[in-house]
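# A structural walkthrough
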2 protein chains.
Amino acid sequence: MQVNYFFYFCSMSNQKRKSDCPINFALELFGDRWSFLIIRDMMFKGKHAYGAFLQSEEKIATNILADRLSLLEKSEIIIKSPDPTHGSKFIYKLTQKGIDLLPVLIEVIMWSSKYDNNTTTDMEFVNRVNRDREGLINELSDNLTKELTQ
Amino acid sequence: MQVNYFFYFCSMSNQKRKSDCPINFALELFGDRWSFLIIRDMMFKGKHAYGAFLQSEEKIATNILADRLSLLEKSEIIIKSPDPTHGSKFIYKLTQKGIDLLPVLIEVIMWSSKYDNNTTTDMEFVNRVNRDREGLINELSDNLTKELTQ
DNA sequence: AAAAGTACTTGTATTATGCAAGTAAATTAT
DNA sequence: ATAATTTACTTGCATAATACAAGTACTTTT
């Protein structure tokens, strides 16, 4: 009986690209069931620690979280740095490349809030997007950039 | 030796929802490696037939294509109808729900065109989005709605 | 010094995907 | 009119990805 260790070395990525289409480029970086949730947590929920991601209600498995964090770091969507106030912790932050995904997340939220009867979307947020999309994007984007450069 | 037929009955979906978060809602409907490419083909490449999807450069496997088409149909992002001029063919079209994903796809394209050095994105398209995002969305959206009601 | 927290790794089972082949109905070619 | 081809799949099986439970090494708190 042969056991397959491929996953533990490379997992999801490292396949050669299926195409250079921009939709496919994005899919190959975060088009799985978990990466986008990690990005959401960093973008909208102020989460920056491994343990915080683990606690999200979708309950990501710890090995998958470790894998996705390292892939997101490798593709420079996030950066990992030691927590200066806590020797055994790391801090994960969105890079500018990651912050620039904000419009994508916003459009996904707008779509889901329209079509999901059970959505937990904050309607204040939806209204704000409808009134002043650019302003909101700039505001949130600036906040994330400040976090990054702290 | 026990064989697992689960995939052939339900595959990807039919799990109970992991959460009612709008990002997760979208992920559970099209957050896999293929659904978004099928939507892209219908949205930007005028593809409407099974065989046309199979021929895309990313080379989706035929069983996966069949599965994703039925899931997208089940979630009412696309509709399937017999081809009136061709008895053995079907026509797949985006519903309004599917057409409303256009802003999401556009933001993904904008992001990838910025961060992928090898992108095949048409720069005319990027310029048009920068100049007149709303106008472009309305125009493309109207075209897709016309296709739908034909 | 012991217990608890943090970020993982490892092993194994289950689920999803990829690939090759086959099928049935409709269409086209001879 | 029959045979070959097209179209949209299904089936079987191999491989890859994910889930779950447990363990590890280092740090921090008690």
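Up top is the structure.
Criteria and thresholds
- Residues numbered from 1 in each chain as written.
- Chains lettered and ligands numbered in written order.
- Predicted model: local features only at pLDDT ≥ 70, side-chain atom pairs only at ≥ 80, totals over all residues.
- Heavy atoms only, no water.
- Helix = DSSP H or I, 4+ residues; strand = E, 2+ residues; numbered from the N terminus.
- Buried < 20%, exposed > 50% of the residue type's maximum accessible area, 1.4 Å probe, protein only.
- Contact = heavy atoms within 4.5 Å.
- Areas by Shrake-Rupley, 256 points an atom, 1.4 Å probe, with all protein chains shown as cover.
- Least-squares fit on C-alpha atoms with pLDDT ≥ 70 in both.
- 1 Å grid on protein atoms, 1.4 Å probe; cavity = no way out; pocket = protein on both sides within 12 Å on 5 of 7 lines; lining within 4 Å.
- Points joined across faces, edges and corners; volume = space filled by probe spheres on them.
- Nonpolar A, V, L, I, M, F, W, Y, C, P; charged D, E, K, R; others polar.
- Salt bridge = Lys/Arg side-chain N within 4 Å of Asp/Glu carboxyl O.
- Buried area = accessible area lost by both parts, 1.4 Å probe.
- Polar contact = N/O pair within 3.5 Å; in protein donor to acceptor, adjacent residues only side chain to side chain.

The next point concerns the overall build of chain A. Regarding its fold elements, chain A presents 8 helices and 2 strands. Reading the helices (α) and strands (β) of chain A from amino to carboxyl end gives α-α-α-α-α-β-β-α-α-α. In terms of overall dimensions, chain A has a C-alpha envelope of 60 × 40 × 30 Å along the principal axes. Counting across all 150 residues of chain A, residues that qualify as buried make up 51%. Counted over contacts in chain A with a minimum sequence separation of 6, partners at least 24 positions apart contribute 51%. With an accessible surface of roughly 7,900 Å², chain A has 53% of that area assigned to carbon and sulfur atoms.

Now for the relation of the copies chain A and chain B. In screw terms, the move from chain A to chain B is a rotation of 180 degrees and a rise of 0.0 Å along the axis, fitting with an RMSD of 0.0 Å. Read as a symmetry element, the transformation amounts to a two-fold axis. Looking at chain A, 100% of its interface residues are interface residues in chain B too, so the copies touch through the same face.

Computed from the structure, the largest pocket encloses a volume of approximately 490 Å³. Looking at the largest pocket, it is lined by 18 residues, and the ones nearest its centre are Asp100(A), Pro103(A), Glu107(B), Met110(B) and Asn130(B). At the level of secondary structure, the elements contributing two or more residues to the lining of the largest pocket comprise helix H7 (102-115) and helix H8 (123-149) of chain A together with helix H7 (102-115) and helix H8 (123-149) of chain B. Split into classes, the residues belonging to the lining of the largest pocket amount to 8 nonpolar, 4 polar and 6 charged.

Before going further, it helps to examine empty space enclosed by the protein. In this structure the tally under the stated criterion is 5 cavities of 30 Å³ or more. Of the voids in this model, the largest cavity is the one considered here, and its volume is about 200 Å³. For the largest cavity, the lining is made up of 16 residues, of which Leu27(A), Phe30(A), Phe36(A), Phe30(B) and Phe36(B) are closest to its centre. For the lining of the largest cavity, the elements supplying multiple residues, two or more each, are helix H2 (22-30) and H7 of chain A together with helix H2 (22-30) and H7 of chain B. Top contributing element to the lining of the largest cavity by residue count: H2(A), with 4 residues. Partitioning the lining of the largest cavity into residue classes produces 12 nonpolar, 2 polar and 2 charged. Counted as a void, the second largest cavity has a volume near 80 Å³. Forming the walls of the second largest cavity are Trp34(B), Leu37(B), Ile38(B), Arg40(B), Asp41(B), Phe53(B), Leu54(B), Ser56(B), Glu58(B), Lys59(B) and Ile60(B). If you list the elements that add at least two residues to the lining of the second largest cavity, you get helix H3 (35-44) and helix H4 (50-54) of chain B. Among the elements that take part in the lining of the second largest cavity, H3(B) stands out by supplying 4 residues, more than any other.

With that out of the way, let us pick up the pattern of salt bridges. Counted under the stated rule, the structure contains 24 salt bridges over all chains. Between Asp41(A) and Arg40(A) there is a salt bridge; the shortest N-O distance is 3.0 Å. You can call Arg40(A) buried: its relative accessible area is 3%. Across the pair Glu107(B) and Arg133(B) runs a salt bridge, and its minimum N-O distance is 2.8 Å. With Glu107(B) in helix H7 and Arg133(B) in helix H8, this pair connects stretches of sequence that are 26 residues apart. Of the two residues, Glu107(B) and Arg133(B), neither departs from the other in class, the shared state being buried. One salt-bridge network, in which partners are shared between bridges, spans Glu107(A), Arg133(A), Glu134(A), Glu107(B), Arg133(B) and Glu134(B).

On the chain B side, the residues contacting the 45 residues of chain A number 45 residues. Interface area, chain A with chain B, both sides summed: about 4,100 Å², of which 64% is carbon and sulfur. Looking only at chain A, the three residues that lose the most surface to chain B are Ile23(A), Arg33(A) and Trp111(A), adding up to 20% of its buried area. Viewed at the interface, chain B and chain A are joined by 6 salt bridges. Put simply, chain A and chain B have 18 residue pairs in polar contact (both at pLDDT 80 or more) between them. Contributions of two or more residues to the side of chain A that touches chain B are made by H2, helix H3 (35-44), helix H6 (96-99) and H7 of chain A. Among the elements that make up the side of chain A that touches chain B, the one with the highest residue count is H7(A) (10 residues). Partitioned by chemical class, the residues of the side of chain A that touches chain B number 21 nonpolar, 9 polar and 15 charged.

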